[in-house]
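Letter by letter, the chains look like this.
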Amino acid sequence: MKLFTATKLLLAAAAPIHAAYTWQNVKIGGGGGFVPSFVFHPKTKGVAYARTDIGGIYRLNSDDSWTAVTDSIVDNANWNKWGVDALALDPQDDTKVYAAVGSYTNSWDPNNGAIIRSSDKGATWSTTTLSFKVGGNMPGRGMGERLAVDPANSKILYFGARSGNGLWKSIDAGVTFTKVSSFTAKGLYAPDPSDTNGYNNDPQGLAFVTFDSTSGTTSGATSRIFVGTADNTTSSVWVTEDAGTTWKAVAGQPGTFFPHKAILQPTEKALYFTYSDGTGPYDGTMGAVYRYDITAGTWKNITPVSGSDLYFGFGGIGVDMQKAGTIVVASLNSWWPDAQIFRSIDSGTTWSRLWEWSSYPSMNLYYSQSTSKAPWVKAGFLDSDTKDLGWMIESLVIDPLDSNHWLYSTGLTVFGGHDLTKWDTTHNITIEVLADGIEEFAVLGLASAPGGSELLAAVGDDSGFTFASSSVLRTSPQKPWMDPIFSSSTSVDYAGASVKNVIRVGNTAGTQQVAASGDGGVTWYAYSGAGTTMSGGTIAYSASADTILWSTSANGVQRSQFSSAFSSVSSLPATAVIAADKQDSTAFYGGHAATFYVSKNTGSTFAAAGALTGATSVRAIVAHPKAAGEVWVSTDVGIFRSTNYGTSFAKVSTALTNTYQIALGLGSGGTWNVYAFGTGSAGARLYGSGDTGATWTDIQGAAQGFGAIDSCKLAGSGNTAGQVFVGTNGRGVLYASGSLASGGSTTTTTSGQTTLSTTTTRSTTTTTTTVATSTTTSRTTTTSSATTATPTGTVPRFGVSKGYP
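Residue positions are given per chain, counted from 1 along the sequence in the order it is written. In keeping with the predicted nature of the model, local features appear solely for residues at pLDDT of at least 70, side-chain atom pairs appear and are counted solely at 80 or more, and the whole-chain, interface and lining totals rest on all residues. Note that the side-chain values use all heavy atoms of the structure and ignore hydrogens as well as water.

- As annotated in an unreviewed UniProt entry, the protein carries the name Xyloglucanase and is attributed to Xylaria hypoxylon.
- Among the UniProt annotations of the protein, the heading Sequence similarities (unreviewed entry) holds the following wording: "Belongs to the glycosyl hydrolase 74 family." UniProt positions are given in the numbering used here, feature names are shortened, and annotations may be inferred rather than shown by experiment.

1. A few points about the overall build of the protein
Phase 1 of the analysis: By definition, any uninterrupted DSSP run of H or I lasting at least four residues is a helix, any uninterrupted run of E lasting at least two residues is a strand, and each is numbered from the N terminus. If you tally the helices and strands in the protein, you get 2 helices and 63 strands.
Phase 2 of the analysis: Burial classes: relative accessible area under 20% of the type maximum marks a residue as buried, over 50% as exposed, and values in between as partly exposed (1.4 Å probe, protein chains only). Counting over 805 residues, the protein shows a buried share of 62%.
Phase 3 of the analysis: For the protein, long-range pairs separated by at least 24 residues make up 55% of all intrachain contacts whose partners lie at least 6 apart in sequence.
Phase 4 of the analysis: Carbon and sulfur atoms provide 51% of the accessible area of the protein, an area that totals close to 26,500 Å². Residue contacts follow a heavy-atom distance rule, with two residues in contact if any of their heavy atoms lie within 4.5 Å. Residue burial considers only the protein chains on display, and all accessible areas are found by Shrake-Rupley using a 1.4 Å probe.

2. A look at the packing of aromatic side chains
Phase 1 of the analysis: We call Phe, Tyr and Trp rings a pair once their centres come within 6.5 Å, taking the six-membered ring for Trp, and we label the pair stacked below 30 degrees between planes, edge-to-face above 60, and tilted otherwise. Taken as a whole, this structure holds 40 aromatic pairs when the rule is applied.
Phase 2 of the analysis: With a centroid separation of 5.9 Å and an interplanar angle of 35°, the aromatic rings of F38 and W66 are classed as tilted. With F38 in strand β2 (residues 37–40) and W66 in strand β5 (residues 66–68), the pair connects residues that are 28 residues apart, well separated along the chain.
Phase 3 of the analysis: Overall, the relative accessible area of 4% leaves F38 in the buried class.
Phase 4 of the analysis: Note on Y311 and F312: the rings are 4.8 Å apart at their centroids and 75° apart in plane angle, and the pair reads as edge-to-face.
Phase 5 of the analysis: By relative accessible area, Y311 is classed as partly exposed at 35%.
Phase 6 of the analysis: Overall, the relative accessible area of 2% leaves F312 in the buried class.
Phase 7 of the analysis: By way of ring pairs, the aromatic residues F208, F226, F273, Y275, Y290, Y292 and W299 are connected into one cluster.

3. Structural notes on the nonpolar core
Phase 1 of the analysis: Among the nonpolar cores identified, the biggest contains 46 residues, and I341, W376, W406, Y408, I431 and F725 are the most heavily contacted of them.
Phase 2 of the analysis: Per-element tally for this core: the top contributor is helix α2 (residues 375–382), with 4 residues.
Phase 3 of the analysis: With sequence-adjacent residues up to four places away left out, F725 is seen in contact with V26, L446, E454, L455, L473, K713, L714, A715, S717, V733, L734 and Y735.
Phase 4 of the analysis: What makes a nonpolar core is a set of buried Ala, Val, Leu, Ile, Met, Phe, Trp, Tyr and Cys residues whose side-chain atoms join them at distances within 4.5 Å. Judged by nonpolar contacts, the second largest core, of 18 residues, contains F226, V237, F273 and Y290.

4. A look at unusual backbone geometry
Phase 1 of the analysis: With an omega dihedral of 5°, the bond running from G280 to P281 counts as a cis peptide bond.
Phase 2 of the analysis: On the secondary structure map, P281 appears in the loop between β21 (270–276) and β22 (287–293).
Phase 3 of the analysis: At D483, a position not held by glycine, the phi torsion is positive, near 55°.

5. Re the environment of A379
Phase 1 of the analysis: Assignment of secondary structure puts A379 in helix α2.
Phase 2 of the analysis: C-alpha separation for the pair A379 and Q478, spaced 99 residues apart in sequence, amounts to 7.1 Å.
Phase 3 of the analysis: If sequence neighbours within four positions are ignored, A379 has contacts with Q478, K479 and M482.

6. Remarks on the side chain of R559
Phase 1 of the analysis: Mapped onto the elements, R559 comes out in strand β44 (residues 557–561).
Phase 2 of the analysis: Within this scheme the basic residues Lys and Arg register as positive and the acidic residues Asp and Glu register as negative, but His and the chain ends are omitted. Take a side-chain nitrogen of Lys or Arg and a carboxyl oxygen of Asp or Glu: if they are within 4 Å of each other, that pair is a salt bridge. Here R559 sits buried without a salt bridge, and the closest side chain of opposite charge, D546, lies 7.2 Å off (N-O distance).
Phase 3 of the analysis: Contacts described as polar in this section are N or O atom pairs within 3.5 Å, which, within protein, must combine one atom able to donate a hydrogen with one able to accept it, while residues neighboring in sequence count only if both atoms come from side chains. Side-chain polar atoms of R559 contact the side chain of Q561, separated by 3.0 Å.
Phase 4 of the analysis: When neighbours within four sequence positions are excluded, R559 is seen to be in contact with T547, I548, L549, A565, F566, S567, V569, N601, T602, G603 and S604.

7. Quick notes on the pattern of salt bridges
Phase 1 of the analysis: As enumerated under the stated definition, the model contains 17 salt bridges in all.
Phase 2 of the analysis: A salt bridge links D85 to R162, with the shortest nitrogen-to-oxygen separation between them at 2.7 Å. Here the residue D85 occupies a position in strand β6 (residues 84–90), and R162 occupies one in the loop between β11 (157–160) and β12 (167–170), the gap between them amounting to 77 residues.

8. Points about the sheet that holds strand β19 (residues 248–249)
Phase 1 of the analysis: Here, any two strands with at least 2 DSSP bridges between them count as paired. Pairing is antiparallel in the open sheet, where 4 strands are placed in the order β14-β17-β18-β19. Of all the strands in the sheet, just β14 (206–211) and β19 have a single pairing partner and so form its edges.
Phase 2 of the analysis: Bridge count for β14 against strand β17 (residues 225–229) is 5 bridges, and the pairing is antiparallel. What sits directly across from F208, in β17, is G228.

9. Considerations on the side chain of S344
Phase 1 of the analysis: Summarising the element assignment, S344 is placed in strand β26 (residues 341–344).
Phase 2 of the analysis: Relative accessible area serves as the criterion here: at 1%, S344 is assigned to the buried category.
Phase 3 of the analysis: Within the structure, S344 has its side chain in polar contact with the side chain of D346 (distance 2.8 Å).
Phase 4 of the analysis: At 2.8 Å, the side chain of S344 forms a polar contact with the backbone nitrogen of G348.

Below, the structure written as structure tokens:
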């Protein structure tokens, strides 16, 4: 029987209901992902932007924090716009910003790329769709910048495309683009031409476009422009002297490595280049740094090291625009013992290092580090790894109007500081984590335990985080999930009748990938029943914390009870969606294709249960936090609800279809709200219901994008009425609070009997925030051991693993 049919039909014909939810990030802090580039405005102090590979664009604020500026353009249909492959500012107008957006050039991304433009510092955007794809999360994404505005003519932009698509030009400030037919180089390098999935076999195209502002103009446009291509030949850097009419390879250029960056120092009339034998962000075992004297037309090899000291390529390079001849350059990847950063104040003739060996294995460090803005970076990474300076240093920039201010990015966070010139005197600088506001986490699992931890967030690359209460949601945690720490945690769950007990699962086979906590996720220990051959997938914890059901990534569904070894559950399909009843420890649920399964013997065996009429795909299963036997199921045709352990189901509403993640959260007056990603009256987005699914309200709104809804995670707060959490694939965890019209279920349990009643109350929730304080940790020496780290970086759309699809 269909419920609330008459109400639903009226709603379907009406305009979408929208609640005024204001979204903000849960403050994990520290960045959490790869920032391929920073771009400073050359004339206006304090104007700078960061582009990320899966999290959009951020604008720098005066207090060193960052503000996301592209959330409004990234909806379910345009999720790929969070992949940013190039960024440019107009030198003559500090309000204008441009970017090339699109995530993949292969079949994972069905959409072509676009050039987006803003004339109000990212508050609003206009879009020009291209005829080809853009690869913001493809190999070589740290090269650049591929997009540039002519410093002599704001209407002229050039964009260097991937996939053999060549060079493109706009003469109307980015509204339209045409191909530059006179430029024939394509940049044909592909990391693995035999790769069949298209990720590593696509030609990487053009690496950078750099205008020479000292060259004068031709017909009102800058005469001399340099373009780099993804080639390791003597024809990888090209130049025009006539504003793009004709092009030629720059004479005398090195041909062994790929050009990475080309930065103009106008006072010197010189270009500084970094080169690597890989195009990044993970590779690069050899490389070079060159200075090109534009007037003389000569190249000089100014590589800081040679011989056995040269075991890495070079990526980020910062050129001081206030002090000619001063440059800073970083190793692209030095996996052991650490990255190296070099500084020269004489145009590369001599160099000094940021650290050096004193007497192996001790090191002299000419810096201290502060993680006060994100304490977990120190606890989880700096204290447990040799690579304090990081890896994947594709971008390193010096503020063109402040010689002391610099930034560089790694695969983990953003570092930098405000005393860079001390390098030249005391040779001891302070490096800070300066990623405050950048939340580029790929969220793989969420939970909120009633009476327990407010938020448990499983994330890619950085293990995961616990937020004990709503009061700390805006405070960066002291540590990530550790002991054990997983490269990525793919799922987390709590025991409904014993909420201090929490379980999580990691994604790297070879060590035990299940961890348990008895204090709500504050401390952890390896679950003894887990072997070393299984990993990934999702996990469900029985109500009394004695049984674990695990739908693994490659070994089917597994079960462990009382810490015993996991054993296969043959009565569930290998990739089944799973959940545990939150109040009845004997009950587990499963779903696969069109079938819903129930176990009443602690997950030992499952049997098909009530029909989900019309559904062909079970997407998610959620058990009511306080009502035994009440279970909600999300499918390709909408949401179903059962109050009898899945024996029978009623379809909740036809107003919401093709649903993905669903969640229950505390509502007003003891009721429980329902939240769901699906297609409703406002399109494919997030909806909430305060009346057991009778009516649905758009709580996402047009201003907040979450990316593709099929890759988002969802949790309703079990403790704070009206609060809901969304885990994104690249923008961390976002949350909001609000009231939904109620008439839903208030659950009470008497003598084992569950009853449902209705209420019509409304409530408003206030959240208290606190500010964390941390201390700066300084070191002068350290002892290193020869350990090898696994490269980390960024995740594909569906968040399987960062860096690799």
